[in-house]
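Secondary and tertiary structure notes
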Amino acid sequence: MGPRILILGSGPDAPQAANWDRGVFDHIVVINNAWRVRPDWSHLIHPEDFPADKRPATVSPPQNIITADDYVTVQNTYGGFVYAGGTMAFTAGYWTLGALSPSVMAFFGCDMMYAAQGNTHFYGKGTADPLREDISLRSLEAKSARLALHANAAGCNVVNLSAAPSRQVFPRAKLTDIGQLQTTPPQLSDLAMADVLGAEKSLGYFVASGRYWESSAQFDVDEIDRLDAMWRAAYLPS
């Protein structure tokens, strides 16, 4: 049975996780600034352009910093960034799935909903990375469905611990539910998943370096939208 893992983002509600019982989770994967929420995280994952002055000054064993040198290779095993979605919530999910083989991935602070006024993140007003114009982020719902289906196929439950509106389509759960989720991932349609994986393979939208934006001219928006619709359709019946 795999570990139970909390993936913590920087949404406005992230500080609610500061006092959660650490024993509920085997690992806590924090994204970017979320390391500030609680000191007992196990893995910090951040992109290449995450400012050095926003990183922790010290890291205590057994804590680990996960960078592009680590996550690009893992995400490529799941089809690469164009298909998976080029923002850190999804990258953290795929890295966790591939590197830690969890039985539960529970997201919090990763709803990707941004207020028009006031704070967008727990630390203040930040750049809403998932809202940028990007070929891989045309449907955040579809990208979350894709992640959940890959996880479910590996025997891992993916849930959202937030009660707030969310772009993630994962089922909602409470902290007290985590222990009961380990062996019961939702059923999925193997045929539907095989169809969309086949469609991805036939398109060949793969950039080994992970720097897909340098090859954006080769990607067809209509084809990406077709794939997104297929992923949503494959996941929603589950």
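Everything discussed here concerns the structure shown above.
Residues numbered from 1 in each chain as written. Predicted model: local features only at pLDDT ≥ 70, side-chain atom pairs only at ≥ 80, totals over all residues. Heavy atoms only, no water.

On to the side chain of Arg-4. Looking at where Arg-4 falls in the secondary structure, it is placed in strand β1 (residues 4–8). Arg-4 sits in the buried class, given a relative accessible area of 17%. Of note is the side chain of Arg-4, whose polar atom sits 3.2 Å from the backbone oxygen of Val-24. (Helix = DSSP H or I, 4+ residues; strand = E, 2+ residues; numbered from the N terminus. Buried < 20%, exposed > 50% of the residue type's maximum accessible area, 1.4 Å probe, protein only. Polar contact = N/O pair within 3.5 Å; in protein donor to acceptor, adjacent residues only side chain to side chain.)

To continue, consider helix α3 (residues 88–100). Spanning 13 residues, α3 covers 17 Å between terminal C-alpha atoms, matching the ideal 18 Å at 1.5 Å per step. When you tally the buried positions in α3, you get 11 out of 13 residues, the bulk of the element. Listing the buried residues of α3 in full gives Met-88, Ala-89, Phe-90, Thr-91, Ala-92, Gly-93, Tyr-94, Trp-95, Thr-96, Leu-97 and Leu-100. Looking one or two residues beyond α3, the residue adopting positive phi is Ser-101, at roughly 45°. (Expected span 1.5 Å × (residues − 1).)

For helix α6 (residues 221–235), built from 15 residues, the straight-helix expectation of 21 Å at 1.5 Å per residue is met to within 8% by its first-to-last C-alpha distance of 21 Å. Turning to α6, its buried residues are Ile-224, Leu-227, Asp-228, Trp-231, Ala-234 and Tyr-235. The buried side chains of α6 occupy one side of the element, clustering within an arc of 130° when seen end-on. Pointing more than 90 degrees away from the buried face of α6 are the exposed residues Asp-222 and Ala-233. Check the buried side of α6 and you find it contacts α2 (81–84), α4 (140–153) and α5 (190–203). Regarding α6, its N-cap is Asp-220, as a side-chain oxygen of that residue lies 2.8 Å from the backbone nitrogen of Asp-222 further along. (Arc of directions from axis to C-beta. Contact = heavy atoms within 4.5 Å.)

Between Pro-61 and Pro-62 the backbone carries a cis peptide bond, its omega angle lying at 10°. On the secondary structure map, Pro-62 appears in the loop between β3 (43–45) and β4 (64–66).

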